[in-house]
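Here are the chains, one letter per residue:
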Amino acid sequence: RHRADRPGDRVGEAGGVVSGWRDDAACRGTGAAVFFSRERVAEAAAVRVCHGCPVMSECRDWALDHETLVPLNDQFGVWGGLTHEQRRAALGAAS
């Protein structure tokens, strides 16, 4: 049985992994250092990429759904146009 480990992927009916929204993301092929830097300049560059992305809302939804599953020391990076701090604030406002 396969697991859908990449964001946006899912396990299909036959048990194989089906690619999802991530294949259409504007960040595809962009170095991870842009999105997973703790520097504000890199965060701003990542957010600009996200704002031109056709699947930004899917990415944001995935990030918000998985934010609390990630160990606290690993919760950084830009997903769906939101920084870690913005995701935490969004989750706090939703509760």
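Anyway, here's the lowdown on the structure attached to this text. (Residues numbered from 1 in each chain as written. Predicted model: local features only at pLDDT ≥ 70, side-chain atom pairs only at ≥ 80, totals over all residues. Heavy atoms only, no water.)

What follows deals with the overall build of the protein chain. Check the secondary structure of the protein chain and you find four helices and two strands. When the helices and strands of the protein chain are placed in sequence order, the string is β-β-α-α-α-α. Burial status across the protein chain gives 32% buried among its 95 residues. Taking the intrachain contacts of the protein chain between residues at least 6 apart in sequence as the baseline, contacts between residues at least 24 apart amount to 37%. Summed over all atoms, the accessible surface of the protein chain reaches about 6,200 Å², with 53% contributed by carbon and sulfur. (Helix = DSSP H or I, 4+ residues; strand = E, 2+ residues; numbered from the N terminus. Buried < 20%, exposed > 50% of the residue type's maximum accessible area, 1.4 Å probe, protein only. Contact = heavy atoms within 4.5 Å. Areas by Shrake-Rupley, 256 points an atom, 1.4 Å probe, with all protein chains shown as cover.)

The subject of this paragraph is the pattern of salt bridges. This model, assessed by the stated rule, comprises three salt bridges. The salt bridge involving R28 is made with D23; its shortest N-O contact spans 3.0 Å. A residue is classified by how much of its surface remains accessible, and D23, at 28% relative accessible area, is partly exposed. The partner of E43 in a salt bridge is R40, with the nearest N and O atoms 2.8 Å apart. Of this pair, E43 and R40 both sit in helix α2 (residues 40-51), three residues apart, which is roughly one turn of that helix. (Salt bridge = Lys/Arg side-chain N within 4 Å of Asp/Glu carboxyl O.)

Taken together, the side chains of D24, E58, D61 and D65 present a region of like negative charge at the surface. Among the secondary structure elements, D24 is positioned in the loop between β2 (17-18) and α1 (32-35). (Patch = residues over 30% accessible without salt bridge, like charges linked within 9 Å, V, L, I, M, F, W, Y side chains within 5 Å. Lys, Arg positive; Asp, Glu negative; His and termini not counted. Charge placed at Lys NZ, Arg CZ, Asp CG, Glu CD.)

What follows deals with the nonpolar core. Judged by nonpolar contacts, the single largest core of 13 residues is most densely connected at W21, F35, C50, C53, V55, V78 and W79. Broken down by secondary-structure element, the contributors of at least two residues to this core are α2 and α3 (56-66). (Core = buried A, V, L, I, M, F, W, Y, C linked by side-chain atoms within 4.5 Å.)

Turning next to the side chain of T83. Looking at the element boundaries, T83 is found in the loop between α3 and α4 (84-94). For T83, a relative accessible area of 10% translates into the label buried. Once residues within four sequence positions are removed from consideration, T83 is found in contact with E43, G77 and V78.

Read these as spatial facts, not as claims about activity.
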